[in-house]
Structure formats: structure tokens, C-alpha cells
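Reading the structure
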Amino acid sequence: MATNFLKLVLTVFNNECDTRISRLKYSSNVDSIEAKIEKYFERLNKNAKVIHCEITQQYLELKRRQLHLQYQREVEKYEDSEREKALREEAKDRRKVAKLEKEAEEAEERENRFQQDLANTLKEQELSYGLEKEKLEVQIQQLRQEIDKAKGEKDKANAQAALTKAGYIYVVSNLGSLGRNIYRIWMTKSGEPDKTIDIMSRAVPFPFDVHLKFISEEATDTMNRLKAAFSDKAINKVNEQRGFFNASLDEIIQVVKNIKDDTGVIKNVHVDKAPSSYEYRLTQAMDRNNQSTSLPDAKL
């Protein structure tokens, strides 16, 4: 009876864990799910105690590991999908920019053509009189309207192309999770980089710190230059798109400065050299405090 009851308890616990783990998403609160699994574990063990049955702590620890590994997988899947999405968006942006640049070029050609027609008409008006001169005046006004229209279309297309090419570039680190001199360089055009940082932080023990952020008017080109500069220092040699590099922050800042001087497309650079790593440093301090206050084992 005890054996059968223990099998039943284990089946119920497994089903509860598997159900919660199967519903995991990159945006899930993994700490809350872990707490619910632990609470369910304690309740089942309390009920099973009457016949001297229990699920071991080791088994609970395995379920914790399964939960965190699955969550890490979901986050990586999300990052992969975001990376693929970024590549599709990059291709889409290139097509859009090419179209806008063509529209701007065609508008400029029309503007130049109308400017030339206006210059010719003005000369012709100087040599005309009476009704002919009045007709030419009407034509001149129409040409000026066409020039303004073509110029507006050109400016609009150029502005949209510039907006499409621009993006935010961030350099972040995670001292507690990744160690020293490991930085991630990534780009976003969403205007909500804090959301991406929060998602990245959920998959690791400690949150990321932002060291460098700026706007690039040629974001894709700037990212390609940065990755090329640190290609030999990529952590993942198979998939450098993940953007993690083993380099010093001073090296990265210098490369950004060089790109800025060479291209002139980098604006609004903000630098924070010292990582706060608040939670990691506080955790270390608590560990040191616990070690210093613990009593030595008694010796017989």
C-alpha cells in the first residue's frame, strides 16, 4: 500500500511539475513557478508523512534544474527568433531604404528639371509683353509649385530613409553570471531596449549592467563594423550573432570612437565604465558575512 501510495504521490508531483514546465515562456516569472513547485512538494510530503512516504530533496532539486534548463531554452529560443526577426527586418529595411532613396533621387531629378524650366521661362518672360507675359506668369507659378512639391517629396523620402537606417546600440555586461571582460554588443530599433535587457536578465542569476549606449544613423553598418573589430574575441565562434565578446570595455569604447570619427553617424554616446553589479556584490558580501559568523565544527 505504501509503495502504491508513493507511486501515486510521485505521479501527481510529476504531473504538476511537467504541466508548469511545459507552459514556460521566455516572459514567465520562473522564480514564482519554482516557489509554487516547492509549495506543492511540501504539501504532498506533509500528506504522505502519515504512512512514512516522501519525495526526496534530491528529486526536488532535479525538478528545479529541469525548470531552469527549460526556461533557459525558452529564452534562447526567443533570442534566436528575435535574431531571425532582426535579419528579416534588416533585409526589409534594405529594400525599403533602396526604394526611398530611389524615390528621393527621382524627386530631385524632377526638382532639377522644373528648376531648369523655371529659369528658361523667366528668361522668356523678360522678352515678352502683354497677354503672353501674363500666360508665362501663370506658368511660372505652376513651376514653382511643382518645385516645392518635388522638394517636399525628396525631403520626406530622405527623412524616412534616415529613420529606417537608424538604431540604438548597447554594450552590456554581467559580472556575476558571465565574469569579467565579457560584454554583449547588440542593436535594437524598437525604441524599447530596457525590455530586451530585462528578458536577458531573467535567464541568468544576476541582471545585466549597461556600460555603453548610443544612436547610430547607420545602425546595421555600425554593428557590422563592431563585430568585425572583435570577431577574433567572440565567445561563440559558431554563432557570432549572439554578440558576446571577451574584450575590455576600454577596447570597445576605442573602437566605437574610431567608427564615430570615420563615419560621423554615431550620436548621443553615454558611457558608464563602472558596473554596479548590485545584486552580485551584495550576494558576495552576504556570503562573506555568513562565513565569518559561522562557528567551526566541533572536534572530538
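Above this note sits the structure.
Residues numbered from 1 in each chain as written. Predicted model: local features only at pLDDT ≥ 70, side-chain atom pairs only at ≥ 80, totals over all residues. Heavy atoms only, no water.

The next point concerns the overall build of the protein. Summing up its helical and strand segments, the protein has nine helices and five strands in all. Relative to the 2.2 N^0.38 estimate, which gives 19 Å for 300 residues, the radius of gyration of the protein is 32 Å and therefore markedly larger than a compact globule would have. Each of the three principal axes of the protein carries a C-alpha extent, and together these read 120 × 45 × 30 Å. Burial statistics for the protein: of 300 residues in total, 32% are counted as buried. A sequence separation of at least 24 residues applies to 72% of the contacts in the protein between residues at least 6 apart. Total accessible area computed for the protein in this model is approximately 19600 Å², and 50% of it derives from carbon and sulfur atoms. The average position of the 52 basic charges and that of the 51 acidic charges among the side chains of the protein differ by 6 Å. (Helix = DSSP H or I, 4+ residues; strand = E, 2+ residues; numbered from the N terminus. Rg over C-alpha atoms; globule rule 2.2 N^0.38 Å. Buried < 20%, exposed > 50% of the residue type's maximum accessible area, 1.4 Å probe, protein only. Contact = heavy atoms within 4.5 Å. Areas by Shrake-Rupley, 256 points an atom, 1.4 Å probe, with all protein chains shown as cover. Lys, Arg positive; Asp, Glu negative; His and termini not counted. Charge placed at Lys NZ, Arg CZ, Asp CG, Glu CD.)

This part is about the pairing of strand E2 (residues 182–188). Burial analysis of E2 places six of its seven residues in the buried class, which makes it a mostly covered element. Sheet topology note: the strand E1 (residues 167–173)/E2 ladder contains six bridges and is antiparallel. Within the sheet, the bridge partner assigned to Val171 lies in E2 and is Ile185. Two strands pair when backbone bridges link them, and E2 and strand E4 (residues 244–246) are joined in this way by three bridges, in the antiparallel orientation. Note that in E4 the partner of Tyr183 across the bridge is Phe245. (Pairing = 2+ DSSP bridges.)

A word on the packing of helix H3 (residues 57–126) against helix H4 (residues 130–165). In a pair of packed helices, the angle between the axes and the distance between the axes together describe the arrangement. One can describe the packing of H3 onto H4 by two numbers: an axis separation of 8 Å at closest approach and a directional angle of 160°. As far as their axial angle goes, H4 and H3 are roughly antiparallel. Classified by chirality, the crossing of H4 by H3 is left-handed. Of the residues in the contact of H3 with H4, the class split is 14 nonpolar, seven polar and 18 charged. (Axes fitted to C-alpha atoms, helices over the stretch in contact; angles between N-to-C directions. Parallel < 35°, antiparallel > 145°, perpendicular 65-115°, else oblique. Left-handed = near helix turned anticlockwise from the far one by under 90°. Nonpolar A, V, L, I, M, F, W, Y, C, P; charged D, E, K, R; others polar.)

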